[in-house]
Amino acid sequence: MMHDVLFYLFAAMTLAPALLLVCSRNTVNAAMLMIVSFIGAASLFALLQAYLLAVLQVMVYAGAVVVLFLFIIMLLDVGHEGRLRAALSKLVAPLAFFAALGCCSVLAILSGRGGEAPAGLEASPAASAESFGMLLFTKYQLAFELTGFLLLAAMVGVIFISRRAIPAGNRTEGKE
Amino acid sequence: MLPVALNHYLIVAALLFCTGFAGVLLRRNVIVVFMCLELMLNAANIALVAFSRYNATVERPMMDGNVFVFFVITVAAAEVATGLAIIVALYRRRGTVMADDLTALKK
């Protein structure tokens, strides 16, 4: 019973900010709404007993990623968007597609079999960090190392992309 | 025993994905489009964790889905850093982050 109530609370906490984000005109507000949505998703993880993933979600997404977004929003000073897209003709196709996708996925899930409570396991194996560590350093060793390399490559790439551009006089191509 | 069924989590994930998708299609601000992409990744993560939890048995603990979420979070962090660097470079060149104004390839 408690689980049910918490589930609906956290589901609302995940979905409502996401909807508001899509409609918000202020980019800083959108970043703040994103934090709430990510914390809602982390709560859903905790409800599913994936505690390590819940902590990671809060630290990486609600922490690092949102801070990075806010930093860029303030660096570029693009906080306010002005009017949202108003042309109705441009709205019809995406909204129709969105509605169709949403209805289809919800129907597909509802018509499917399953959805009973998990059999046999009172405590999820994902509850302990140990089970993650065991898999990461045995079965997924290669993927783990490659992910580390990917982070290094991303870091070098970011430094390369965001370095100060060559002054306009030295550039060979024409100015826009 | 969990009273809320797997379907409930999957519907939340589907709705979150659709919301993010609508944002990607509708919004003009590239930064907001990027945020909506993160929402879509998040929706996939919720589905993965829910499937892992509800299909786990003592013989098959189904940790692979959870470990996959771990990797998705890591790769998403790298993706956000790279994407935002590209947006900064774009803004320096063009002075805008509105997708409607970035039409260089149309001309």
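Residues numbered from 1 in each chain as written. Chains lettered and ligands numbered in written order. Predicted model: local features only at pLDDT ≥ 70, side-chain atom pairs only at ≥ 80, totals over all residues. Heavy atoms only, no water.

**Observations regarding the overall build of chain B**
Cut-off, in case you're wondering: The numbering of helices and of strands both runs from the N terminus, where a helix is a DSSP run of H or I of at least 4 residues and a strand a run of E of at least 2. It is over C-alpha atoms that the radius of gyration is taken, and the globule rule equals 2.2 Å times the number of residues to the power 0.38. Burial classes follow relative accessibility: with a 1.4 Å probe on protein chains only, a residue under 20% of its type's maximum area counts as buried, one over 50% as exposed, and anything between as partly exposed. Between two residues, a contact is recorded if the distance between any of their heavy atoms is within 4.5 Å. Using a 1.4 Å probe, the Shrake-Rupley method yields the accessible areas, and only the shown protein chains count as cover for residues. Residues scored as charged are limited to Lys and Arg (positive) and Asp and Glu (negative), so that His and the chain ends carry no count. All charge positions are set by atom: Lys at NZ, Arg at CZ, Asp at CG, Glu at CD.
Counting its regular elements, chain B contains three helices and zero strands. Ordered by position from the N terminus, the helices and strands of chain B form the series α-α-α. Computed over C-alpha atoms, the radius of gyration of chain B comes to 18 Å, more than 25% over the 13 Å expected from 2.2 N^0.38 for 107 residues, which places it beyond the range of a compact globule. Projected onto its principal axes, the C-alpha coordinates of chain B cover approximately 60 × 25 × 20 Å. Put simply, chain B has 107 residues, and 58% of those count as buried. Sequence separation of 24 or more characterises 60% of the internal contacts of chain B that already satisfy a separation of 6 or more. Accessible surface for chain B amounts to roughly 4,200 Å². Of this, 68% is attributable to carbon and sulfur atoms. Here chain B carries 9 positive and 6 negative side-chain charges, and the mean point of each set is 12 Å from the other.

**Points about the nonpolar core**
Worth spelling out the cut-off: To form a nonpolar core, buried Ala, Val, Leu, Ile, Met, Phe, Trp, Tyr and Cys residues must be joined to one another through side-chain atoms within 4.5 Å.
L21, L53 and F69 of chain A together with Y9 and M35 of chain B are the most contacted members of the largest nonpolar core, which has 73 residues in total. Of all the secondary-structure elements, those providing two or more residues to this core are α1 (2–23), α2 (27–47), α3 (51–76), α4 (88–111) and α5 (129–136) of chain A together with α1 (6–26), α2 (30–55) and α3 (64–94) of chain B. The biggest single contributor to this core is α3 of chain A, with 13 residues. Leave out the neighbours within four places in its chain, and F69 of chain A touches M34 of chain A together with I31, F34, M35, E38, V80 and L84 of chain B.

**Some points on the domain arrangement of chain A**
Condition: Domain delimitation follows an automatic or database domain assignment.
In terms of domains, chain A is made up of domain 1 (1–81) and domain 2 (128–165). Inter-centroid distance (C-alpha atoms) of domain 1 of chain A to domain 2 of chain A is 23 Å.

**Some remarks on α5 of chain A**
Note the cut-off: Of all possible arcs, the one meant is that of the directions from the helix axis to the C-beta atoms.
All buried positions along α5 of chain A are accounted for by S131, F132, L135 and L136 of chain A. Within α5 of chain A, the buried residues cover an arc of 130 degrees as seen down the axis, which keeps them to one side. The exposed residues of α5 of chain A that point more than 90 degrees off its buried face are E130 and M134 of chain A. Next to the buried residues of α5 of chain A lie α3 and α6 (141–161) of chain A together with α3 of chain B.

**Digging into the interface of chain A and chain B**
Cut-off, in case you're wondering: As a working definition, buried area equals the accessible area (1.4 Å probe) given up by two parts on being put together, with both sides summed. Should a side-chain nitrogen of Lys or Arg be within 4 Å of a carboxyl oxygen of Asp or Glu, the pair is scored as a salt bridge. Residue polarity is assigned by list, with Asp, Glu, Lys and Arg as charged and Ala, Val, Leu, Ile, Met, Phe, Trp, Tyr, Cys and Pro as nonpolar; anything else, Gly included, falls into the polar class.
If you look at the interface, chain A gives 88 residues, while chain B gives 74 residues. Carbon and sulfur atoms make up 75% of the area that chain A and chain B hide from each other, which totals about 7,600 Å². There are one salt bridge connecting chain A and chain B. Where D64 of chain B meets K139 of chain A, a salt bridge forms, and the shortest distance between an N and an O atom there is 2.8 Å. Where the side of chain A that touches chain B is concerned, the elements lending two or more residues are α1, α2, α3, α4, α5 and α6 of chain A. For the side of chain A that touches chain B, the residue count by class is 60 nonpolar, 15 polar and 13 charged.

**Remarks on the state of the cysteines**
The condition is simple: To count as a disulfide, a pair of cysteine sulfur atoms needs to be within 2.5 Å.
Tallied over the full model, the rule gives zero disulfides over all chains. In this model C104 of chain A remains outside any disulfide bridge; the closest cysteine sulfur is found in C103 of chain A, 6.9 Å from its own. Left without a disulfide partner, C18 of chain B is nearest to the cysteine sulfur of C103 of chain A, which lies 8.6 Å away.

**Considerations on the packing of aromatic side chains**
Note the cut-off: The rule is short: rings of Phe, Tyr and Trp, with Trp giving its six-membered ring, pair when the centres are within 6.5 Å, and they are stacked under 30 degrees, edge-to-face over 60, tilted in between. Remark: a charge is flagged as sitting over a ring if the NZ atom of Lys or the CZ atom of Arg is within 6 Å of the ring centre and within 35 degrees of the ring normal.
Considering all chains together, one arrives at nine aromatic pairs over all chains under this definition. Positioned above the aromatic ring of F160 of chain A, the side-chain terminus of R163 of chain A is 4.4 Å from the ring centre.

**A few points about a nonpolar patch on the surface**
Rules: Patches here are clusters of residues that have more than 30% relative accessible area and form no salt bridge, with a 9 Å joining cutoff for like charges and a 5 Å cutoff for nonpolar side chains (Val, Leu, Ile, Met, Phe, Trp, Tyr).
Taken together, F149, L152, M155, V156 and I159 of chain A make up a surface patch of nonpolar side chains, about 520 Å² in accessible area. Tracing the sequence through the fold places V156 of chain A in helix α6.

**Considering the environment of R53 of chain B**
When you line up the elements, R53 of chain B lands in helix α2. In this structure, the C-alpha to C-alpha distance between R53 of chain B and T103 of chain B, residues 50 residues apart in sequence, is 45 Å.

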